[in-house]
Amino acid sequence: MTSLTRADLIDGLRDLVAQLRADGAVVGIRLVGGAALALRYFDRGVTQDIDMLHVQPGTDAEVVRAATRVADRHNWDADWVNFRVTEADAIPTLGREVEWEVIHDSDGIVIEVASKEAMLAMKLRASRPVRDTDDIRKLVALCQIDTLETAENLYESFYPGDGLTDRAVTQLTNILREEVAPRDLGVPSFTL
Amino acid sequence: MSASSLVRRARTASGHTQKQVARVAGIDQSSISRIERGRDADFNTITRIVNATGYQLVALPTRRADVATLVSNIARDLKANDTQRAIRDLIQLNDNLVAERGLIRGVLAVAEPESTGNPLWDATIAAIVEWRLTEDHVPLPQWVGDSSRTLSTPTVLRLDPADPDPTFADVPREFIKHGVLAWRDTFESV
């Protein structure tokens, strides 16, 4: 089990969709984390740890069963798709509602990714140096954030009552020292 | 793991030349050279070569790549100046160790990985392995303690100029031992 390229990830999801379709499943899948970033916002590698929210409609078990068969075909570990992120205090639930962008909707199988604003808020909450810094840099550009205050306001809209950590402020301050131009980092489209 | 990588790693880790392995295995040196460069070979040939290095092939009850395989990928990523890909492979290395327990965690780290060509990355890899094996009370392979895998001057693992410096309190003990200053939660999933 090694890390995946965006192409590997799309292949895996394509197989997952095919398996779910063969199983006659009707499921709503929501992705966050590195997979969501790679699929919708910018090309990056991902670890074999695809973060999903609990499936709605449908059941987690249906997706796990299909994902296990896909894992067998790709020689991946069975938990390449998992719901661990829902156990962490990462998904914003108390403030601004997370918007979702549909990246696949066919035959009763819908896959969505969190909006770039929600992804930035989640990345700022984690703010792990080395691991998240480049993602934060790119999301800051995509969200057209050009001041620390704007970033803080966005963060607090998703996590009301919480402020950015000193570490996240340092990362943002360092990033914002550079010119942040609105940009479309442009990932190629794909179909599953 | 590819057959070429397997053969090359077993041979170099054992300290044998292609010529020495060829003599013991009863195979032309040129064949070993071709296999190490990516030429396909049948299972019996691979087994004979690997056995000639003093190693043997075993099947492990896991699909997770071992440390040596992921370090080969990291070396490839760094050679291509793709540090973002290299960090994903480094995190995958950590995640694979964390996902297994006991003997299997230890076995994933048994084969000595090649050098990435970058002392900071080599020390970081050794630090992760020491951290994850120690926390599960698994004995360390010898290569982890090799002096080439410890930096004489503590150095911050920084990929991005915006990365803040950790304090010693933010760094796992095993990283400090290897001279690498990296934030603990860089290697923790959210």
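Residues numbered from 1 in each chain as written. Chains lettered and ligands numbered in written order. Predicted model: local features only at pLDDT ≥ 70, side-chain atom pairs only at ≥ 80, totals over all residues.

Notes on the pairing of strand β5 (residues 109–114) of chain A
Along any regular strand the residues' side chains alternate between the sheet's two faces. All names here are of chain A. The following threshold applies: Backbone-placed C-beta atoms define the burial measure: a residue is buried with 20 or more other C-beta atoms within 10 Å of its own, exposed with 12 or fewer, and partly exposed in between. For helices the rule is a DSSP run of H or I covering at least 4 residues; for strands it is a run of E covering at least 2, with both sets numbered from the N terminus onward. Strand pairing is assigned whenever DSSP detects at least two bridges linking the two strands.
Of all the 6 residues making up β5, 5 are buried; the element is thus mostly covered by neighbouring parts of the structure. One ladder, built from 5 bridges, connects strand β1 (residues 27–31) with β5; its direction is parallel. Paired with V27 across the strands is I109, a residue of β5. Of the strand pairs in this sheet, strand β4 (residues 100–106) and β5 are connected by 6 bridges, and their pairing is antiparallel. When the bridges of β5 are listed, E101 appears paired with V113. Linking two consecutive strands that pair antiparallel, namely β4 and β5, is a turn of 2 residues; a positive phi of about 50 degrees is found at D107 within it.

Some thoughts on the sheet that holds β4 of chain A
Residues and elements named next belong to chain A. Selection rule: Helix axes are fitted to C-alpha atoms over the stretch in contact, other axes to C-alpha atoms as well, and angles between N-to-C directions run from 0 to 180 degrees. Residues are defined as contacting one another if the C-beta atoms placed from their backbone atoms lie within 7 Å.
With mixed pairing, the 3 strands of this open sheet are ordered in space as β1-β5-β4. For this open sheet the edge positions go to β1 and β4, each flanked by a neighbour on one side alone. Pairs of neighbouring strands in the sheet enclose a mean axial angle of 20 degrees, with direction left out of account. Contacting β1, β4 and β5, helix α2 (residues 33–41) crosses the sheet at an angle of about 100 degrees to β5.

A look at the domain arrangement of chain B
Counted only if it meets this: Residue ranges assigned to the domains are those given by an automatic or database domain assignment.
One can read the domain layout of chain B as domain 1 (3–52) and domain 2 (67–187). On a C-alpha basis, the centroid separation for the pair domain 1 of chain B and domain 2 of chain B is 28 Å.

Examining the packing of helix α6 (residues 83–99) of chain B against helix α8 (residues 119–135) of chain B
All names here are of chain B. Let me state the cut-off plainly: Under this scheme an angle from 65 to 115 degrees is roughly perpendicular, one under 35 degrees roughly parallel, and one over 145 degrees roughly antiparallel; angles in between are oblique. The hand of a helix crossing depends on one turn: near helix anticlockwise from the far one by less than a right angle means left-handed, and clockwise means right-handed. Under this grouping Gly is polar, as are all residues other than the nonpolar Ala, Val, Leu, Ile, Met, Phe, Trp, Tyr, Cys and Pro and the charged Asp, Glu, Lys and Arg.
Packing of α6 against α8 brings their axes to within 10 Å, and their N-to-C directions diverge by 15 degrees. One way to sum up the angle between α6 and α8 is to call them roughly parallel. Like other packed secondary-structure pairs, α6 and α8 cross with a definite hand, here right-handed. Note on element contacts: α8 touches α6 through T124, I125, I128 and R132, opposite L90, L93, N94, L97 and V98. Partitioning the contact of α6 with α8 into residue classes produces 6 nonpolar, 2 polar and 1 charged.

What to know about the confidence of the model for chain B
Filter applied, for reference: pLDDT expresses, on a scale from 0 to 100, how confident the predictor is about each individual residue.
Averaged over chain B, the pLDDT score is 94; the fraction of residues at 70 or greater is 100%. Overall fold confidence for the complex sits at a pTM of 0.90, while the interface term, ipTM, reaches 0.90.

Some words on the domain arrangement of chain A
Where interface size is given, it is often the accessible area lost as the parts come together that is meant. Residue and element names in this part refer to chain A. Under the domain assignment used here, chain A contains domain 1 (6–115) and domain 2 (117–177). On a C-alpha basis, the centroid separation for the pair domain 1 and domain 2 is 24 Å. Taken together, the contact pairs 14 residues of domain 1 with 13 residues of domain 2. By residue number, the principal contributor to the side of domain 1 that touches domain 2 is α2, which donates 3 residues. A per-class count over the side of domain 1 that touches domain 2 returns 10 nonpolar, 2 polar and 2 charged.

A short note on the interface of chain A and chain B
Between chain A and chain B, the contact holds 29 residues from the first and 28 residues from the second. By residue class, the composition of the side of chain A that touches chain B is 10 nonpolar, 10 polar and 9 charged.

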